[in-house]
Amino acid sequence: NFRCRSAFKLLEIDNKFRLLQPGWSVVDCGAAPGAWSQVAVQRVNSARTAEGDAALPHGTVVGIDLLNIPPLDGAHFLSSHDVTDHVTHTKLLELLPNGRAHVILSDMAPNASGFHEMDHEKLITMCLSLIDLAEKILQPGGSLVCKYWDGILAHKLQKKLSSVFSSVQTLKPNASRKDSAERYFLARMYRKPVKG
Ligand code: SAM
């Protein structure tokens, strides 16, 4: 039983791309109420309940939200934390094994004002901040999945992602309402930017 229907979007993405492997570390941004984290816990085997194979490695799931996230076996939650805040980044470095995540997930969304352009810009800004987070915690070769609302700045985000990930594609899961502007970027094969 999932806490929220959004779980089906991540299941669909992961069934197709196999981003979440047993033993891996995942950061779930905008995690409340926790449905994506439930999927991540199952897939990386962080609750140590993988059916059949007791030898499967155990992963790590850390979820972050401004709101409270009810506890979940196998997940460590940072409730009342802002993903864009440095304090949060420091805590992530401590919680993740070797301070590294294999995958960053983001289903974050600002409170919608109803003004499409404004909401779009806000969400794109939040997504751009994930690129800074990636630089601190994402394992080279790692992946990022982030929700955005389509609009004029989507290309800017795609370009920035393409500068540090070898592969970037747009996804519209079937579980996402057809008439919504909701999309996901799947960015794979992270390479840390070279500072000159
Ligand atoms: N993926 C979640 C699930 O499956 O249960 C649903 C996420 S919900 C669509 C979006 C969440 O993003 C909200 O709970 C909101 O509080 C959170 N959020 C928005 N801005 C944030 C920020 N700066 N830091 C952390 N969380 C944020």
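Our subject is the structure listed above.
Below is a short write-up of the structure. (Residues numbered from 1 in each chain as written. Predicted model: local features only at pLDDT ≥ 70, side-chain atom pairs only at ≥ 80, totals over all residues. Heavy atoms only, no water.)

## Remarks on the overall build of the protein chain
Right, on to step 1. Of regular secondary structure, the protein chain possesses five helices and seven strands.
Right, on to step 2. If you list the helices and strands of the protein chain from N to C, you get α-β-α-β-β-α-β-α-β-α-β-β.
Right, on to step 3. Computed over C-alpha atoms, the radius of gyration of the protein chain comes to 16 Å, within 12% of the 16 Å expected from 2.2 N^0.38 for 196 residues, which places it in the range of a compact globule.
Right, on to step 4. Structurally, the protein chain occupies a C-alpha span of about 50 × 45 × 30 Å along its principal axes.
Right, on to step 5. Taking all 196 residues of the protein chain together, 48% fall into the buried category.
Right, on to step 6. Taking the intrachain contacts of the protein chain between residues at least 6 apart in sequence as the baseline, contacts between residues at least 24 apart amount to 67%.
Right, on to step 7. When the accessible surface of the protein chain is summed, it comes to about 10000 Å², and 52% of that surface belongs to carbon and sulfur atoms. (Helix = DSSP H or I, 4+ residues; strand = E, 2+ residues; numbered from the N terminus. Rg over C-alpha atoms; globule rule 2.2 N^0.38 Å. Buried < 20%, exposed > 50% of the residue type's maximum accessible area, 1.4 Å probe, protein only. Contact = heavy atoms within 4.5 Å. Areas by Shrake-Rupley, 256 points an atom, 1.4 Å probe, with all protein chains shown as cover.)

## Details of the packing of aromatic side chains
We describe a pair of aromatic rings using the distance from one ring centre to the other and the angle between the two ring planes.
Right, on to step 1. Scanning the entire structure with this criterion turns up four aromatic pairs.
Right, on to step 2. Taking the centre distance of 5.0 Å and the plane angle of 55 degrees together, the rings of F165 and Y190 count as tilted. Of this pair, F165 sits in strand β6 (residues 165–171) while Y190 sits in strand β7 (residues 182–190); the two residues are 25 residues apart in sequence, bridging distant segments of the chain.
Right, on to step 3. Owing to a relative accessible area of 4%, Y190 belongs among the buried residues under this scheme. (Phe/Tyr/Trp six-rings, centres within 6.5 Å; stacked < 30°, edge-to-face > 60°.)

## Structural notes on the site of the ligand
Right, on to step 1. What surrounds the ligand is a group of 19 residues, the closest being S6, A35, D65, D82 and D107.
Right, on to step 2. Within the backbone of P33, one N or O atom sits 3.3 Å away from an oxygen atom of the ligand.
Right, on to step 3. D107 is positioned such that a nitrogen or oxygen atom in its side chain is 2.9 Å from a nitrogen atom of the ligand.
Right, on to step 4. Protein chains bury 86% of the 610 Å² of accessible surface belonging to the ligand in isolation. (Near = heavy atom within 4 Å. Polar contact = N/O pair within 3.5 Å; in protein donor to acceptor, adjacent residues only side chain to side chain.)

Just geometry here; none of it tells us what the structure is for.
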